[in-house]
Each structure stands twice: as C-alpha cells, then as structure tokens.
Amino acid sequence: MGLDAVARLGVSILSDDDQVSVDSITLFVALLCGCIVIGHLLEESRWINDSITALVIGLCTGGIILLTTKGKSSHLLEFDEQLFFIYVLPPIIFNAGFQVKKKQFFRNFVTIMLFGAVGTLISFSIISFGAKELLGKLDIGFLELRDYLAIGAIFSATDSVCTLQVLNQDETPRLYSLVFGEGVVNDATSVVLFNAIQKLDLSHINSRVALVFTGNFLYLFLVSTFLGVLIGLLSAYLIKKIYLGRHSTDREVALMILMAYLSYVMAELFDLSGILTVFISGIVMSHYTWHNVTVNSKVTTRHAFATLSFIAEIFIFLYVGMDALDIEKWRFVKDSPGKSVGVSAALLGLVLVGRACFVFPLSLLSNCLKRSEHDKFGLKQQVTIWWAGLMRGSVSMALAYNQFTRFSHTQQPGNAVMITSTITIVLFSTVVFGLITKPLVRFLLPSSQGFNNMISSEQSFARPLLTNGQEVEVEMGNVDPLRPSSLSILLKEPSHTIHNHWRRFDDAFMRPLFGGRGFVPDAPELSKGGCDQY
C-alpha cells in the first residue's frame with residue numbers, strides 16, 4: 001500500500017507539462033553536446049567557429065521542429081530574456097575579466113575606454129538618430145522615442161565572443177586585447193545606456209533631462225565599477241585570512257564561484273550594471289584571490305570558469321538559431337517582407353556607419369596621444385578594428401527581447417518587425433562577417449607583422465617594469481621615471497609611469513593585505529581529506 005501511494009504520488013508530481021519539459025531539456029542538452037563535437041571536428045579550419053556552428057544547428061533544429069509541429073513552434077524551450085541576464089550572461093562576462101591578459105589590457109586601457117565607452121556613445125547617437133529618421137519613413141508601426149533610443153543601445157552592443165574566436169592572441173596580441181577589452185566595455189556601456197533610457201522621463205525633453213541622463217549613466221558606470229572592486233577584494237581577504245584550502249579545496253572553489261556570482265546579483269539588486277560589476281570583479285579576483293588558493297583550486301577554478309563560459313556561449317547561439325524561425329514573430333511581416341528587409345538593411349547600414357564614425361577618428365586621437373610608432377594604429381589595423389566590431393550577438397538579442405517582447409511573445413507589428421530585423425542582423429553579421437573576418441585579418445595583418453608587433457610591444461612595455469627604470473634612466477639622462485613630481489615623464493610615457501606608480505602602491509599596501517603573486521606562500525598541492533588525495 002505504501003509503495004503504491006508513493007508511485008501514485010510520483011505520477012501526480014510528474015505531470016504532462018513536466019514530462020514535456022524533461023523531454024525538451026534532454027534534447028537541448030543533446031544538441032549542446034552535438035555542437036561541441038561538431039565544433040571540435042571543424043576546429044582546424046578556423047573558418048567556421050563555435051558560434052556559427054551553434055547557429056546553424058539551431059536553425060536546422062528549429063526548422064525540423066517547425067515542420068513536425070505544423071508551424072506552431074520552433075523552440076524546445078521558452079526562454080525568458082530575464083533568465084539570460086541572470087543565469088547565462090554572468091559566466092561569460094566574468095570569465096572574460098578573469099582570463100584577461102592584464103598587462104596588455106591596461107597597456108591599452110586609455111584606447112579601450114575611448115573605443116568601448118566614448119565610441120559606444122557616438123555609435124548610440126548615430127544609430128538612434130538614423131533609426132528615427134529612416135524607420136519613420138518605412139511605416140513599420142508605432143514606435144516611441146524611447147524605442148528609438150533603445151534601438152541605438154541595442155545595435156551598439158558588439159559580439160566580441162564571435163570575433164575573438166577567429167583572432168589569434170599570439171599573432172596579434174595588441175589587436176586581440178583591444179578588441180577584447182573594447183567588446184566587454186562596449187557591452188557594459190550598452191546595457192548601462194539601455195537601463196538609463198528605461199528610467200528617463202521623455203515627456204519633456206530639455207537640458208535638464210540630458211543632464212539627468214548623463215548623471216544616471218555616470219552613476220551606474222562608477223558605482224558598478226566600485227562594487228566589482230569591493231566584492232573582488234572581499235573574496236581575496238576572506239580566502240587569504242581563513243585559508244579554506246587547509247581542509248578542502250572544494251570550499252575554496254565554491255566560495256570563489258559564489259562570490260563571483262554574488263557581485264553580479266548584487267549589482268542587479270541595486271539596479272546597477274551587472275555586466276560591468278562582474279567583469280571588474282573577475283579582474284580583481286584574478287589579480288588577488290586566485291593567488292590565495294591552493295594549486296588544485298587554481299587549476300579547478302580556471303577551468304571551471306572557462307567551461308561555464310563556453311557552455312553559456314553555445315547555449316545562447318543555439319537558442320538564437322531556433323528562435324530565428326519562431327513563426328509568431330514572422331507572421332506580422334509575412335504580408336510585407338520587403339519592409340522587413342528594408343528595416344534590416346537600414347539598421348545594418350547604420351551599424352556600419354556608426355562604428356566607422358568613431359573607430360577612425362578615435363584611432364587618430366589615440367595615435368596623437370602615443371609617442372612610440374610601434375604603439376600607433378595604422379590604416380590596416382584601423383580597418384581590422386572597424387570590421388571586428390561589426391558582429392552583433394547575444395547582448396543585442398537579449399536587449400531587443402527586453403524592449404520589444406514580453407516573455408518572448410510579440411503582439412504589435414512594429415515590435416515584431418524590430419525583433420525579426422534584430423534576428424536577421426545577428427544571423428547575417430555572425431555568419432557572413434564571421435566567415436570573412438579570418439581571411440580579412442590574414443590579408444591586412446600577416447602573421448609575421450603581427451608577431452613583430454607583439455615582440456616590439458612587449459619589449460617596450462616590459463622595459464620599465466623588468467629593469468626597475470634603470471634602462472630608462474640611461475636613455476633619459478638619469479631621470480627617475482618613478483618620481484611622482486616628474487611631470488615630463490608622465491606626459492611622455494603616461495601608461496608606463498602610471499603603471500609603475502600603481503605597481504609600487506600595489507606591492508606596498510594592496511598585496512600584503514589581500515594577497516597576490518609573490519605575497520602568498522605556495523600552498524601544498526594536496527590538502528587533507530576529501531577527493532584531493534586522489
């Protein structure tokens with residue numbers, strides 16, 4: 001009797017809807033495995049990257065589901081855009097900060113901020129203004145001013161993940177670090193802009209509204225950065241002081257993962273930019289926290305973060321591929337397909353123009369600020385940077401869903417056109433631009449040129465760090481480059497001088513308190529108990 005009751009209870013709990021969910025999740029996980037296997041088989045070509053592979057498999061799967069359901073659905077799962085921001089995006093952005101090559105990143109920090117923050121604002125302005133002028137003439141349906149501003153933020157978000165899969169970090173390290181850093185800062189800036197637009201009162205546009213918008217943007221940017229630094233330092237201090245690894249590396253790894261995720265959810269709780277917060281937290285944790293854990297924990301955390309990020313990226317592109325064939329989104333535009341094509345072409349043109357309007361002028365400005373010829377960007381490198389940031393991906397899709405749908409459903413024709421146009425641009429830019437990027441980089445920047453630039457850049461950057469200024473003293477007439485009052489040295493070598501001052505402060509105060517390389521004794525490779533002994 002008791003067993004029968006338990007069996008009936010189990011049957012009642014596992015309802016038909018639950019069984020459908022289990023079947024869908026099983027098939028989706030199987031597709032993820034297929035994406036990984038096929039991506040591995042195509043790895044050597046480097047022409048079709050993992051993002052394109054997942055998109056194509058998603059399109060094929062969506063087409064099959066569409067045929068088997070007689071046009072009712074193309075999804076295995078109904079994916080809420082909020083779930084994307086809460087669960088899928090954090091591991092991607094955190095791993096980007098955790099794995100970043102800090103020397104190259106901070107060496108190009110000024111340029112990265114110029115392109116990622118100022119450039120995004122320029123692109124946002126051009127796309128928003130152009131969309132209002134062009135889309136208004138196409139009569140796609142009612143769109144408010146807030147929608148046009150949101151379009152600017154949506155299509156200003158680049159897809160650095162897809163781009164970096166076809167760039168070689170060893171052959172073009174400076175280009176790689178620039179595109180990588182710009183992509184992450186760009187995503188954070190786009191999301192901050194999008195959130196600021198949602199809070200903006202557009203009923204009365206005046207100078208006060210512009211000041212409020214600017215204030216909200218700066219507030220979100222600065223406070224999000226501060227929160228990321230705070231959580232990163234807190235994790236480093238806790239792990240350094242209590243030394244969890246003496247009992248079990250599992251606790252160390254768990255605390256690092258949870259603290260990383262805590263930085264993101266805390267930012268979302270306080271209506272800040274979770275992307276920027278978790279990225280900064282990743283940089284801080286890689287500089288301090290990672291050096292405080294045992295050797296086993298170092299290996300585990302590095303691979304764990306990279307694995308979670310990789311799975312999340314494949315998940316996003318696989319779902320986007322299936323969602324591209326969602327019949328509900330396309331039924332509003334089936335009577336006028338030319339209009340949808342026109343909107344997609346107009347927006348894609350604005351993306352091209354908007355990026356060109358800041359890449360080339362800001363590259364010129366960056367070159368004016370650099371005294372070394374090796375650090376300046378030539379025309380071929382500028383064209384490569386412009387092209388590398390044209391792809392649009394997961395962040396653009398998530399922001400578009402947030403603005404123009406409610407729980408993945410679209411009811412207004414104007415909103416449906418914007419969703420289908422976003423899908424078209426993401427598919428076209430990812431597949432077409434993604435296939436062209438690799439041969440374009442090889443044509444514009446041959447491997448030998450990229451390798452020589454890497455050697456010269458590394459030598460020029462490492463010289464004042466490895467020699468403690470002795471070689472620089474000889475070249476500059478025995479002038480101490482580390483002297484805070486040496487304004488001429490600061491103006492001549494700003495990146496090197498600032499980095500030297502930060503290094504001295506870091507060695508004197510930060511790393512003795514929070515740990516770091518050289519300030520934490522190497523932990524034993526194996527700790528007591530648990531699975532560490534195997």
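- As named in an unreviewed UniProt entry, the chain is Cation/H+ exchanger transmembrane domain-containing protein, taken from Solanum bulbocastanum.
- In its Subcellular location (unreviewed entry) section, the UniProt entry covering the chain states "Membrane".

**Some remarks on the packing of helix α3 (residues 50-68) against helix α13 (residues 295-323)**
The geometry of a pair of packed helices is captured by two quantities: the angle between their axes and the separation between those axes.
Here is step 1: α13 packs onto α3 with a crossing angle of 40° between their chain directions and a minimal axis gap of 6 Å. By the angle between their axes, α3 is oblique relative to α13. With respect to the hand of their crossing, α3 and α13 are arranged in right-handed fashion. For the pair α3 and α13, the contacting residues are D50, S51, A54, L55, I57, G58, L59, T61, G62 and I65 in the first and F310, I314, F317, L318, V320, G321 and M322 in the second.
Here is step 2: Looking at side-chain class alone, the contact of α3 with α13 contains 11 nonpolar, 5 polar and 1 charged residues.

**Describing the pattern of salt bridges**
Here is step 1: Applying the stated rule across the entire model yields 3 salt bridges.
Here is step 2: Linking E182 and R355 is a salt bridge whose minimum nitrogen-to-oxygen distance equals 2.9 Å. Of the two residues, E182 is situated in helix α9 (residues 173-198) and R355 in helix α15 (residues 337-369); the sequence distance between them amounts to 173 residues.
Here is step 3: A residue is classified by how much of its surface remains accessible, and E182, at 2% relative accessible area, is buried.
Here is step 4: Judged by relative accessible area, which is 2%, R355 ranks as buried.
Here is step 5: D507 serves as the salt-bridge partner of R511, at 2.2 Å between the closest nitrogen and oxygen. Of this pair, R511 and D507 are both found in helix α22 (residues 494-514), 4 residues apart, which corresponds to roughly one turn of the helix.
Here is step 6: Take D507: its relative accessible area is 27%, and that puts it in the partly exposed class.
Here is step 7: Through salt bridges that share partners, D506, D507 and R511 make up one connected network.

Cut-offs applied
- Residues numbered from 1 in each chain as written.
- Predicted model: local features only at pLDDT ≥ 70, side-chain atom pairs only at ≥ 80, totals over all residues.
- Heavy atoms only, no water.
- UniProt positions renumbered as here; feature names shortened; annotations may be inferred.
- Axes fitted to C-alpha atoms, helices over the stretch in contact; angles between N-to-C directions.
- Helix = DSSP H or I, 4+ residues; strand = E, 2+ residues; numbered from the N terminus.
- Parallel < 35°, antiparallel > 145°, perpendicular 65-115°, else oblique.
- Left-handed = near helix turned anticlockwise from the far one by under 90°.
- Contact = heavy atoms within 4.5 Å.
- Nonpolar A, V, L, I, M, F, W, Y, C, P; charged D, E, K, R; others polar.
- Salt bridge = Lys/Arg side-chain N within 4 Å of Asp/Glu carboxyl O.
- Buried < 20%, exposed > 50% of the residue type's maximum accessible area, 1.4 Å probe, protein only.

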